Amino acid sequence: MPKVGITGGASAGHVVPALAVAAELGRAGADLVYFGREGSIEADLAAKAGIRLVPIPAAGLRRYRSWKNIVMPLTVVRGVVIAWQALRREQPDVIFSKGSYVSVPVGIAAWLNRIPLAIHESDQSLGLANRILAYLASIVYLSEPGHGLPQWLERKAVVTGLPLRDDLADGQPEKLRAELGIRADATVLLIFCGSQGSQRINAAIRRQLHALTTKFAVIHVCGPGNLDPTLNSTPGYWQREYLHDDMVHALWLADLVIGRAGATTLAEIEALNKPAVLIPLPTFVSRGDQLANAEAYARRATCIVVPDDEDMADGRPILAACEQLLPHLQTRKLPPGRDQIHRAAREIATRTLNLSRLQRAASGGTSR
Ligand SMILES: CC(=O)N[C@H]1[C@@H](OP(=O)(O)OP(=O)(O)OC[C@H]2O[C@@H](n3ccc(=O)[nH]c3=O)[C@H](O)[C@@H]2O)O[C@H](CO)[C@@H](O)[C@@H]1O
C-alpha cells in the first residue's frame with residue numbers, strides 16, 4: 001500500500017481537514033505519516049488521530065512589524081533541509097498538503113525529491129503558502145470554484161469541496177446537553193472563533209452576557225488562556241478553552257452560532273445548516289480571506305455579518321444580530337448524510353492515491 005505524507009498546520013482550520021483526508025486514506029489502507037512542527041496543534045491533533053509525527057521546523061510571515069520576520073527565511077531554509085532528509089528517510093509515495101506556512105518546507109522538499117505533491121486551498125483566494133506550492137504541485141484541490149486562477153493553474157485545479165471533519169456525522173447533542181445540564185427547551189448559542197479564540201470578541205460577548213443568557217444557553221469556547229473565572233457561576237453560561245471530541249456535539253446542539261469566518265468553520269455550520277452571526281477577521285491581521293469567505297457565505301446561507309470594528313467592541317451589534325436571527329432558528333435539525341459529509345475527503349483521498357500510483361507505475365512499479 002502507498003505511504004502518504006500529510007502536512008499543513010498552524011491552526012485547526014488546516015489540521016482538521018487534513019486529518020479528514022488522512023482518515024479516508026487510512027480506510028483505503030494507506031500508511032500515514034504527518035510532517036509538522038513539534039509541540040504544535042498539528043502535533044497534538046495528529047497524535048490524537050494516531051498518526052506518527054515527523055518534526056519539521058517552519059515559520060510564517062507576520063503581517064505586522066516583527067523581528068521574527070527577519071529570521072523567518074532562515075527557519076524556512078532549515079525546514080527545507082530537514083524536510084528533504086526526512087522525505088528521503090520516510091520515502092512517502094505522495095504528499096498531501098493542506099496549506100499554511102507549515103507546509104512550505106515539506107512541499108519544496110517533496111518537489112526536490114520528485115515526490116508528487118497535492119495541495120488543497122480552503123479559502124476564496126490562494127493563501128501565501130499555496131501560492132508558492134501551486135507551482136510545484138501536480139494537483140490543486142479547491143473548496144469552491146471561481147478563484148480567478150491563471151490558465152496554467154486552472155489546468156491543475158479540481159473543485160472538490162472542503163474535507164469536513166471525520167466525526168461530523170457522529171454528533172450526539174443530547175449527550176452534551178445532559179453533561180452541561182442545559183434545559184431541553186433552551187435555545188443554544190455556540191460561540192467559537194476558529195481554533196484560537198478571539199480576545200476582542202470574548203470581551204464583546206461578556207459585555208452583553210446578561211442579555212445573551214436571558215435568551216440563550218450560551219456555550220462560549222473562548223480559546224486557550226481566555227477563561228474568565230469570575231464568570232464561572234453565571235447561570236446559562238458555559239465557558240471552555242477548547243473542545244476536542246465535544247466540538248461536534250456542540251455544533252449539533254447549537255441553534256445559533258457566533259464565530260469568525262474561517263473556511264473550515266463555515267463548511268461545518270453550512271453542512272449542519274446552522275444560522276450564524278459571522279465576525280470575519282479584518283485585513284489588519286489577515287490577508288482578508290475571511291471577509292471574502294463571509295461575503296460569499298452570506299449569499300447562500302442564513303447569516304448576518306458583523307464587522308470587527310469599534311462598534312462591535314461593546315457587543316451590541318452582535319446581540320442585535322442574534323435577536324434578528326431568532327425567528328430563523330430551525331426547530332427541526334435533520335442529521336446530514338454520512339456519505340455527503342465524507343464526500344470531499346474521499347474524493348481527495350482517491351485522487352491523491354491515484355497520483356501516487358501513477359508515479360509508481362511510471363517508475364516501473366518499484367518504489368524509489
Ligand atoms: C486566524 C486564521 O488565519 N484563520 C484561518 C484558519 O482558520 P482557523 O483555524 O482560525 O479556523 P477555521 O474556522 O477555519 O477552523 C476551525 C476548526 O477548529 C475546530 N475547533 C474549533 C474550536 C474548538 O474548540 N475545537 C475545534 O475542534 C472547528 O470545528 C474547525 O474545524 O484557516 C482557515 C482555512 O484556511 C482560514 O479560512 C482562516 O482564515
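Residues numbered from 1 in each chain as written. Predicted model: local features only at pLDDT ≥ 70, side-chain atom pairs only at ≥ 80, totals over all residues. Heavy atoms only, no water.

Quick notes on the layout of surface pockets
Here is the rule: Whether a set of points on the 1 Å grid over the protein atoms alone is a cavity depends on a 1.4 Å probe fitting there but being unable to get out, while an open set qualifies as a pocket with protein on both sides within 12 Å along at least five of seven lines; lining residues are those with an atom within 4 Å of a point. Grid points are joined across faces, edges and corners, and a volume is the space filled by probe spheres set on the points. Each helix is a run of DSSP H or I of at least 4 residues and each strand a run of E of at least 2, with the numbering of both proceeding from the N terminus. Residue classes follow a fixed rule: Ala, Val, Leu, Ile, Met, Phe, Trp, Tyr, Cys and Pro count as nonpolar, while Asp, Glu, Lys and Arg count as charged, and any other residue, Gly among them, counts as polar. Domain start and end points were adopted from an automatic or database domain assignment.
The computed volume of the second largest pocket comes to approximately 410 Å³. Counting residues per element, the ones that place at least two in the lining of the second largest pocket are helix H11 (263–271) and helix H14 (338–362). With five residues, the top contributor of residues to the lining of the second largest pocket is H11. In the lining of the second largest pocket, the residues fall into nine nonpolar, six polar and four charged. Two domains share the lining of the second largest pocket, each providing at least three of its residues, namely domain 1 (3–166 + 339–362) and domain 2 (188–328).

Focus on the environment of Trp67
The condition that has to hold: A 1.4 Å probe rolled over the protein chains alone gives each residue an accessible area, and that area as a share of the maximum for its type sets the label: buried under 20%, exposed over 50%, partly exposed in between.
Mapped onto the secondary structure, Trp67 falls in the loop between strand E3 (53–55) and helix H3 (68–90). Exposure remark for Trp67: the relative accessible area of 60% places this residue in the exposed category. Remark: the alpha-carbon pair of Trp67 and Pro307, spanning 240 residues in sequence, is separated by 30 Å.

Regarding helix H10 (residues 246–253)
Definition in use: Whether two residues are in contact is decided by their heavy atoms, any of which lying within 4.5 Å being enough.
Among the eight residues in H10, seven count as buried, and that is most of the element. If you check which residues of H10 are buried, you get Met247, Val248, His249, Ala250, Leu251, Trp252 and Leu253. In this fold, the buried residues of H10 make contact with helix H7 (173–180), strand E8 (188–192), strand E9 (217–221) and H11.

Details of the UniProt feature "domain: Glycosyl transferase family 28 C-terminal" (unreviewed entry) in the protein
Here is the rule: UniProt positions are given in the numbering used here, feature names are shortened, and annotations may be inferred rather than shown by experiment.
Here, the residues flagged by UniProt with the feature "domain: Glycosyl transferase family 28 C-terminal" (unreviewed entry) are residues 188–310. As annotated, residues 188–310 comprises 35% helix and 20% strand, and the C-alpha atoms at either end are separated by 27 Å.

A look at unusual backbone geometry
At Ala10, a position not held by glycine, the phi torsion is positive, near 75 degrees. Along the polypeptide, Ala10 turns up in the loop between strand E1 (3–7) and helix H1 (12–27). Assessed through its relative accessible area of 21%, Ala10 is described here as partly exposed. A positive phi angle, near 85 degrees, is found at Ser100, a position not held by glycine. Looking at the element boundaries, Ser100 is found in the loop between strand E4 (94–97) and helix H4 (103–112).

Regarding the site of the ligand
Put simply, the rule reads: We call a residue near a given molecule or strand whenever any one of its heavy atoms falls within 4 Å of it. Here a polar contact is taken to be a pair of N or O atoms separated by no more than 3.5 Å, where protein atoms must pair a possible hydrogen donor with a possible acceptor and residues adjacent in sequence count only if both atoms sit in side chains. Areas reported here follow the Shrake-Rupley algorithm with a probe of radius 1.4 Å; residue values treat only the protein chains shown as occluding.
Near the ligand lie 24 residues; those nearest to it are Ser11, Gly13, Asp123, Thr265 and Glu268. Asp123 has a polar side-chain atom sitting 2.5 Å from an oxygen atom of the ligand. The side chain of Glu268 places a nitrogen or oxygen atom 2.5 Å from an oxygen atom of the ligand. Protein contacts shield 90% of the accessible area of the ligand, which totals 760 Å² for the unbound molecule. Those elements that provide at least two residues to the shell around the ligand are H1, H11 and helix H12 (289–298). Class assignment for the residues of the shell around the ligand results in nine nonpolar, 11 polar and four charged. Shared between two domains, the shell around the ligand holds at least three residues of each, these being domain 1 (3–166 + 339–362) and domain 2 (188–328).

Things to note about the domain arrangement of the protein
How large an interface is tends to be reported as the accessible area lost when its parts come together. Applied cut-off: Put simply, buried area is the surface a 1.4 Å probe can reach on two separate parts but cannot reach once they are joined, added for both. Counted as salt bridges are all cases of a side-chain nitrogen of Lys or Arg within 4 Å of a carboxyl oxygen of Asp or Glu.
As assigned here, the protein comprises domain 1 (3–166 + 339–362) and domain 2 (188–328). Using only C-alpha atoms to locate each centre, domain 1 and domain 2 end up separated by 28 Å. Each partner contributes residues to the interface: domain 1 has 22 residues there, and domain 2 has 19 residues. Here domain 1 packs against domain 2, burying approximately 1600 Å² in sum over the two surfaces, 55% of which is carbon and sulfur. Counting across the interface, domain 1 meets domain 2 through three salt bridges. A salt bridge links Asp123 to Arg287; the shortest N-O distance between them is 3.5 Å. Linking domain 1 with domain 2 are six residue pairs in polar contact (both at pLDDT 80 or more), by the criterion used here.

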